[in-house]
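# Observations on chain architecture
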Amino acid sequence: MSSDPRPAWTTARVVESRPVTDRIRRVTFERPAGRRAAPGTHVDVRVRTPKGEDVRSYSIVESSADGSRLTVSVMRAQASRGGSVFMHGLVEGDEIECTQPLQNFELRHGAHRYVVLAAGVGITAVIEMGRVLHRLGQDYRFVYVGRSRAQMAYVDELAALHGDRLELRVDDEGTGLDVESLVADLPDDGRAEVYMCGPIRLMDAVRRSWLSHGRPIADLRFETFGSSGWFEPEAFEVEIPELGLSTVVASDASLLEALAAAGADMMYDCRKGECGLCEVTISSVRGRVDHRDVFLSDDEKATDETLCICVSRIAAPEDGDAGTGRLTLTL
Amino acid sequence: MSLETHETVTAKIFPHPLNAWYAVAWDHEVTAKEPMSRTIAGKSMVLYRTTDNRPVALADACWHRLAPLSMGTLVGSDEIQCPYHGLRYNSTGRCTSMPAQQTVNPSAMVPSYPVVERYRYLWVWPGDMTLADPDLIPDMSQMSSPEWAGDGETIHAACNYQLILDNLMDLTHEEFVHGASLGQAELSESGFHTKLEDDGSVTVTRWMHEVEPPPFWRRNMRDKFPDFDGLVDRWQIIHYYAPSTICIDVGVAKAGTGADQGDRSQGVNGYVMNTITPETDRSSHYFWAFMRNYRLESQTITTQLRNGVHGVFGEDEVMLQAQQAAIDANPDHEFYSLNIDAGGMWVRRILDRMLAAEERGEDPLSARDLTGIGAAER
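Residues numbered from 1 in each chain as written. Chains lettered and ligands numbered in written order. Predicted model: local features only at pLDDT ≥ 70, side-chain atom pairs only at ≥ 80, totals over all residues. Heavy atoms only, no water.

- An unreviewed UniProt entry lists chain B under the name Aromatic ring-hydroxylating dioxygenase subunit alpha, with Aeromicrobium endophyticum as the source organism.

- Going by what an unreviewed UniProt entry lists, chain A is known as Oxidoreductase and is assigned to Aeromicrobium endophyticum.
- Regarding chain A, the relevant UniProt record gives this comment under Cofactor (unreviewed entry): "FAD". (UniProt positions renumbered as here; feature names shortened; annotations may be inferred.)

Encoded structure:
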């Protein structure tokens, strides 16, 4: 139900591009009509960087009724890999390649109350959620965190719409966010869903505080854009003695793909590290297991007894002379 | 304004908008004890309440292997547990627990429908949740006003919902279908006035002056004026609110006492509250109630009126079911219209515009769409 449809690429034409802060630019483009982009959706855009073409995801800030006119907002990153420089260089009339709106961060009806938490350019992922919660007459708070007001996009629009429900947390005005009290002050009497988007450090702090208060993890919503693992993907060897099978997993292939190519009939379904059907027992490993799934718990991952072969990998031993990673599996 | 072409307007099986509030149940039917199942606009839903009494409407099929959640149990403060493998969902439809694993797949969820409690009904929005503005719920305020008393029932009608709207928008059928209780020849002899209002509602007004009250109304008059005998002025003012709610201001007053000028003190006034929810293309949940604004203290009158209307609407139910069967048995035959269909045809045109707006992804129920202002832009 929530799984994304496959990205479908089309050409879009930039119809407006203007700055909203020193470093954040609003880019509006037109693409073929479809459905209105739902809150929480993003588009993937093909960007040109000094290193060549690449793909970046940008949250949709506004959508026309038929989804033919979409607006994203892009922060020019200090340590940009080139994507934001490309986006900031766009002018009216330029053509870009992008996907349809993709959903990874769905706003759901039915919570007792809502908290929207945005920090920095993370505002772009939740601004439309705020509009919908307001329209539906829901009980919500909108918490917006920034270093300084000059760096915070859309403050006036948010204040006009949300009034008292908007809580600005501005570091250089001495009102910065205290994560611990944000979580601790949520009422215990009923459930609150929190939708957050911001720097990974902030989101991780909220997540840890959330768990330490024993709140249900299903009520804390954030977008991960896929788990990228702890190590860069690299090639490693895999062996299944029962099948007399031994092969190499290339850095751009999954363990599941390599085993299937080598003739092993493995069980799998989601290929996103979610369902756990592809869990296989590890009999030995040289190197470090890079668990990239969300099926195994942190405790289970720590034992390295099993791994989910659709997404997880092996990284070479820390001792660089010990060779590449090597994995032996038991069926 | 140029003439629009309407292919769906005289459709025999009329499609239903999804971006709309529909009554799904009476408030008392949905509890925190047991889940219940109901199909609304082709979507099967499980309904229940949380322990703090909030209503919840989720898709009635587990994310895992689609077992009906309505056969499951309510657990904790707001969760429902699948009867088959024990997956649990909270009131937003997110899975919170899976069997035999320590984690929960973050993609596991079932659709959650906006649901609002108002006017003694629960209302659900089966379409795009981002458009589900509670202010769009049709005005049925007599249902919960201290100035009105009454009660009603639900008819599970074996027909397309639009046939019921047709039925209620033209009351000349009372003369033929309800001859024993409501009918009188003056119904079809007196003129009526149909108007599309600025807010997108439709009003059909009919006054019958100096007529014999039919049995139903004579009895009601005597509840308020025990010695009453003689002629009355009778009114029927039909209010239609898109997509499928019809509230009918009905009553009689002693003839010539000025009821048509606004003084209804010498009469009795009722409101027939009807909201019709498509279940499938060929079946509907028809929620009705009869409210009155006199003798509020009398539970006897409440029961008598409910039972009386039950009998009257039973006659409609027989006709509607037979009409649907005849429609299905004669697929090559079309609908033709009479002058008396003006109200029903406005309803059809408004529904047609709602469906078109839905196609374009636009906000539903805006007066602009319903009244056709701006239709030329299409």
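### A few points about the packing of helix H1 (residues 161-169) of chain B against helix H6 (residues 342-359) of chain B
All names here are of chain B.
- Viewed as axis vectors pointing N to C, H1 and H6 meet at an angle of 140°, and their least axial separation amounts to 8 Å. One finds that H1 runs oblique with respect to H6. Here H1 and H6 pass one another in a crossing that is right-handed. Of H6, the residues touching H1 (which contributes Tyr161, Gln162, Leu165, Asp166 and Met169) are Gly343, Gly344, Val347, Arg348 and Leu351.
- Split by residue class, the contact of H1 with H6 holds five nonpolar, three polar and two charged. (Axes fitted to C-alpha atoms, helices over the stretch in contact; angles between N-to-C directions. Helix = DSSP H or I, 4+ residues; strand = E, 2+ residues; numbered from the N terminus. Parallel < 35°, antiparallel > 145°, perpendicular 65-115°, else oblique. Left-handed = near helix turned anticlockwise from the far one by under 90°. Contact = heavy atoms within 4.5 Å. Nonpolar A, V, L, I, M, F, W, Y, C, P; charged D, E, K, R; others polar.)

### Describing the packing of aromatic side chains
All names here are of chain B.
- In this structure the tally under the stated criterion is twelve aromatic pairs over all chains.
- Measuring from centroid to centroid gives 4.6 Å for Trp26 and Tyr121, while their planes differ by 55°, and the two rings are tilted. Highlighted residues: Trp26 in strand S1 (residues 22-26) and Tyr121 in strand S11 (residues 121-124), separated in sequence by 95 residues.
- A relative accessible area of 0% means that Tyr121 is categorised as buried.
- Relative to Phe313, the ring of Trp288 lies with its centre 5.3 Å away and its plane at 75°, an arrangement referred to as edge-to-face. Taken together, the positions of Trp288 in strand S18 (residues 283-292) and Phe313 in helix H5 (residues 299-329) put the pair 25 residues apart, joining distant regions of the chain.
- Residue class for Trp288 comes out buried when judged on its relative accessible area of 0%.
- What links up through ring pairs into an aromatic cluster is the set Trp26, Tyr121, Trp123 and Phe287. (Phe/Tyr/Trp six-rings, centres within 6.5 Å; stacked < 30°, edge-to-face > 60°. Buried < 20%, exposed > 50% of the residue type's maximum accessible area, 1.4 Å probe, protein only.)

### Concerning the domain arrangement of chain B
Residue and element names in this part refer to chain B.
- Domains assigned within chain B are domain 1 (22-131) and domain 2 (140-375).
- On a C-alpha basis, the centres of domain 1 and domain 2 stand 33 Å from each other.
- Contact residues are listed per partner, giving 17 residues for domain 1 and 25 residues for domain 2.
- Taken together, domain 1 and domain 2 are joined by one salt bridge.
- Where domain 1 meets domain 2, there are seven residue pairs in polar contact (both at pLDDT 80 or more).
- Counting only elements with at least two residues in the side of domain 1 that touches domain 2, the list comes to S1, strand S2 (36-40) and S11.
- Per element, the largest residue contribution to the side of domain 1 that touches domain 2 is five residues, and it comes from S1.
- Of the residues assigned to the side of domain 1 that touches domain 2, the class counts are twelve nonpolar, two polar and three charged. (Domains from an automatic or database assignment. Salt bridge = Lys/Arg side-chain N within 4 Å of Asp/Glu carboxyl O. Polar contact = N/O pair within 3.5 Å; in protein donor to acceptor, adjacent residues only side chain to side chain.)

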